[in-house]
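The chain contents come next:
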Amino acid sequence: MAMRNLENIPSCGDCFAFNSIFRHLTKDELNILTFEKGCNYYKRGNIIYHERNRISGIYCVNKGIVKVFKTGIDGREKIIRFAQQGDIIGYRSILSQELACTTAKVIEDAVLCFIPGNLFFDLVKGNNEFSMEVLKVSLKELGDANKFIIDIAQKTVRERLAEILVLLKDTFDLDEQSYLKVSLTREELANLVGTATESVIRLLSEFKQDNYIELNGRKIRILKIESLKKLARIK
């Protein structure tokens, strides 16, 4: 794993504006967290942890984007979610004291802070507001997983791709030129949708012909967000 230890540890307060769950800690708890955590710089493509491996703590994203995914029996990825500034990853394995059930990979150069598992447990047990926020994050992931199962059964691939584009827009926003602020490969998009890469390439071309989007390499410009929502049957 190519990474670099940081001499200047980022402040947890840097992430508070991004709804970091650690904003619910007391001043003393934040001081302990700042003293105990370690922070590293990771380049795109670095693996933070592998599924079926044991991890000893959780990670909080200070900068960059991390994709969290499971690998199917066919070797294909199923992307569970993306983590960005203020988000935590690896916490389910720590709380359940099980092997990691996902793999975490950096897709945009990142700074991640590592929090030892015993400290995370102490914070969950000692701060009710913090533990409720951890529960909310876990339940949201479960809800998203249930929604994906329903979409797979009830929506066409074309509708699911439109929904994914809307989701990416809501998650990462657009830059000043209306491009998505995240750059994904066609294979990653296909893994999000739950289909073959060739199908995504064909549908993106159709969306371009319909003037819903513009394509510039891996970058996608959203032109008609309301048309995509209508196609995805998003109310």
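Every chain's residues receive numbers from 1 upward, in the order its sequence appears when written. Residue-level local features of this predicted model are given only where pLDDT is at least 70; pairs of side-chain atoms are given and counted only at 80 or more, and the full residue set underlies all totals for whole chains, interfaces and linings. Only heavy atoms go into the side-chain values, all of them from the structure, while hydrogens and water stay out.

A. Representation of the layout of surface pockets. In this analysis the probe radius is 1.4 Å and the grid spacing 1 Å, with only protein atoms considered; a cavity is a set of points the probe fits into but cannot get out of, a pocket is an open set with protein on both sides within 12 Å along at least five of seven lines, and lining residues have an atom within 4 Å of a point. Grid points are joined across faces, edges and corners, and a volume is the space filled by probe spheres set on the points. There is about 1,600 Å³ of room inside the largest pocket. The wall of the largest pocket is formed by 48 residues, among which I80, R81, F82, K140 and D144 lie closest to the centre. Contributing elements (two or more residues each) for the lining of the largest pocket: β4 (57-71), β5 (77-83), α4 (128-154), α5 (157-172) and α6 (186-193). No other element matches the 12 residues that α4 contributes to the lining of the largest pocket. Throughout this entry, Asp, Glu, Lys and Arg are counted as charged residues, while Ala, Val, Leu, Ile, Met, Phe, Trp, Tyr, Cys and Pro are counted as nonpolar. The remaining residues, Gly among them, count as polar. Residue composition of the lining of the largest pocket, by class: 20 nonpolar, nine polar and 19 charged. Put simply, DSSP H or I for four residues or longer makes a helix, DSSP E for two residues or longer makes a strand, and each gets a number counted from the N terminus.

B. Quick look at the packing of aromatic side chains. Only centres within 6.5 Å qualify two rings of Phe, Tyr or Trp (six-membered ring in Trp) as a pair; their planes then separate them into stacked at under 30 degrees, edge-to-face at over 60, and tilted for everything else. Scanning all chains against the criterion turns up six aromatic pairs. On the numbers, 5.6 Å between centres and 70° between planes, the contact of F82 with F172 is edge-to-face. Of this pair, F82 sits in strand β5 while F172 sits in helix α5, and the two are 90 residues apart along the sequence. We call a residue buried when its accessible area falls under 20% of the maximum for its residue type, exposed when it is over 50%, and partly exposed in between, using a 1.4 Å probe and counting protein chains only. Residue classification places F172 among the buried residues on the basis of a relative accessible area of 6%. One aromatic cluster is present, formed by F22, F120 and F130 through successive ring pairs. Just above the ring of F69 sits the side chain of K67; from NZ or CZ to the centre is 5.3 Å. The ring centre of Y179 lies 4.5 Å from the NZ or CZ of K219, which sits over that ring. By definition here, charges over rings are those cases where NZ of Lys or CZ of Arg is within 6 Å of the ring centre and within 35 degrees of the ring normal.

C. Structural view of empty space enclosed by the protein. Per the counting criterion, the structure on display carries three cavities of 30 Å³ or more. When its volume is computed, the largest cavity comes out at roughly 120 Å³. Around the largest cavity, the lining residues are Y49, V68, I80, R81, I89, G90, Y91, R92, S93, C101, T102 and E141. The set of elements that each furnish at least two residues to the lining of the largest cavity consists of β5 and α2 (91-96). The element best represented in the lining of the largest cavity is α2, accounting for three residues. Among the residues making up the lining of the largest cavity, the classes are represented as six nonpolar, three polar and three charged. Here the second largest cavity is characterised by a volume of approximately 70 Å³. The wall of the second largest cavity is formed by 13 residues, among which C12, C15, K37, C60 and C113 lie closest to the centre. Contributing elements (two or more residues each) for the lining of the second largest cavity: β4 and β7 (103-116). At three residues, β4 tops the list of elements feeding residues into the lining of the second largest cavity. For the lining of the second largest cavity, a count of residues per class yields nine nonpolar, three polar and one charged.

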